[in-house]
Amino acid sequence: MSSLHISIAAEPVFHIGDFAVTNSLLTTFVVMLLLFLIAASVSLAPVTTVGGKKIKKVPALVEMFVGGFYNFLSPILGKRIESLFPLLMTFFLFIIIGNWIGLLPGVGPIGFTEHTEHGELFVPLFRGPNADLSTTLALALVSVIATQFLSIKALGAAGYISKFINFKNPINFFVGILELVGEIAKVLSFSFRLFGNIFAGEVLLIVISFLVPIIMPIPFLGLEIFVGFIQALVFTMLTSVFIVVATEHH
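Residues numbered from 1 in each chain as written. Predicted model: local features only at pLDDT ≥ 70, side-chain atom pairs only at ≥ 80, totals over all residues. Heavy atoms only, no water.

Trainee: An account of the packing of aromatic side chains is requested, with residue identities and associated values reported.
Mentor: All chains considered together, the criterion is met by eleven aromatic pairs. Aromatic pair Y70 and F85: ring centres 5.1 Å apart, planes at 70°, arrangement edge-to-face. Taken together, the residues span a long stretch of sequence, with Y70 in helix 2 (residues 60-77) and F85 in helix 3 (residues 81-101) at a distance of 15 residues. On the accessibility criterion, Y70 (23% relative accessible area) is partly exposed. Seen in terms of ring centroids, F195 and F199 are 5.4 Å apart; in terms of plane orientation they differ by 15°. Their pairing is stacked. Placement of the pair is F195 and F199 together in helix 5 (residues 170-211), with a separation of four residues, close to one helical turn. The burial state of F195 is the same as that of F199; both residues are buried. (Phe/Tyr/Trp six-rings, centres within 6.5 Å; stacked < 30°, edge-to-face > 60°. Helix = DSSP H or I, 4+ residues; strand = E, 2+ residues; numbered from the N terminus. Buried < 20%, exposed > 50% of the residue type's maximum accessible area, 1.4 Å probe, protein only.)

See below:
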């Protein structure tokens with residue numbers, strides 16, 4: 001029986017100068033290309049005139065999906081939906097495509113053998129982007145930094161700083177410190193939640209496929225499709241809620 005190798009860190013596939021392109025980064029480029037093609041197909045859709053208004057003839061499935069997600073977020077964001085929807089929709093699409101692309105048959109089994117001092121090591125050519133902590137950390141940083149920027153824009157610099165530094169009384173000072181710690185903790189919470197769930201699912205599928213390669217992986221594959229959707233939705237929902245809370249005047 002061949003050995004089973006599972007790596008937490010993404011493995012380098014090739015180098016551009018001193019920069020190592022890992023298998024998860026390579027898959028991230030594929031996800032970005034898919035998103036670009038989807039955006040291009042919608043933006044280049046033919047325009048028709050209805051009631052004197054010019055409307056793009058986008059595919060009904062795309063219109064239903066985007067419109068449904070817009071209506072889903074509207075009660076949470078209220079009047080902010082117009083400005084924040086592009087960011088949140090991008091989060092959702094990038095995460096869900098990244099989660100699901102890691103479940104495709106060619107992602108994982110296709111690769112090459114690398115000779116190391118510990119013997120031969122199989123390196124997958126592609127790996128799910130969100131099974132790499134670097135990717136989820138980058139997503140978390142974008143989410144938290146965007147939240148802080150929108151908070152400063154809504155409250156002003158003085159109002160924003162007063163949330164964390166408040167000397168009016170000891171209770172407000174203590175609450176401000178907790179707020180600051182909470183904002184920093186969001187980065188860890190976002191990144192490790194997404195990474196942990198996707199990486200655990202990846203390991204589960206590898207182990208099940210290694211032990212019982214014919215029938216057993218199918219129900220677990222269905223479970224991971226559902227988990228991939230839920231994780232994308234949770235990340236987007238939490239970002240929405242955090243933005244709403246951060247931009248409110250207390």
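Trainee: Residue-level account of the packing of helix 4 (residues 133-164) against helix 6 (residues 217-246), with values.
Mentor: For any two helices packed against each other, the geometry comes down to the angle between their axes and how far apart the axes lie. Between helix 4 and helix 6, whose axes approach to 9 Å, the crossing angle comes to 10°. Classified by the interaxial angle, the pair formed by helix 4 and helix 6 is roughly parallel. Along the contact surface, helix 4 presents L139, A140, S143, T147, L150, S151, L155 and K163, while helix 6 presents F235, T239, F242, I243 and A246. Across the contact of helix 4 with helix 6, the residue classes break down as eight nonpolar, four polar and one charged. (Axes fitted to C-alpha atoms, helices over the stretch in contact; angles between N-to-C directions. Parallel < 35°, antiparallel > 145°, perpendicular 65-115°, else oblique. Contact = heavy atoms within 4.5 Å. Nonpolar A, V, L, I, M, F, W, Y, C, P; charged D, E, K, R; others polar.)

Trainee: Please provide a residue-by-residue account of the environment of Y70, values included.
Mentor: Spatially, the C-alpha atoms of Y70 and A39 are 16 Å apart, while their sequence positions differ by 31 residues. Apart from residues no more than four positions distant in its own chain, Y70 is found in contact with I81, E82 and F85.

Trainee: Give me the pairing of strand 2 (residues 19-22): which residues, what numbers.
Mentor: Summarising the sheet, strand 1 (residues 12-16) and strand 2 pair through four bridges and their orientation is antiparallel. Residue P12 lies in a different strand from strand 2, and its bridge partner there is T22. With antiparallel pairing between neighbouring strands as the criterion, strand 1 and strand 2 make up a hairpin whose turn holds two residues, including G17 at a positive phi of roughly 65°. (Pairing = 2+ DSSP bridges.)

So far we have only geometry, and geometry alone does not tell us how the molecule works.
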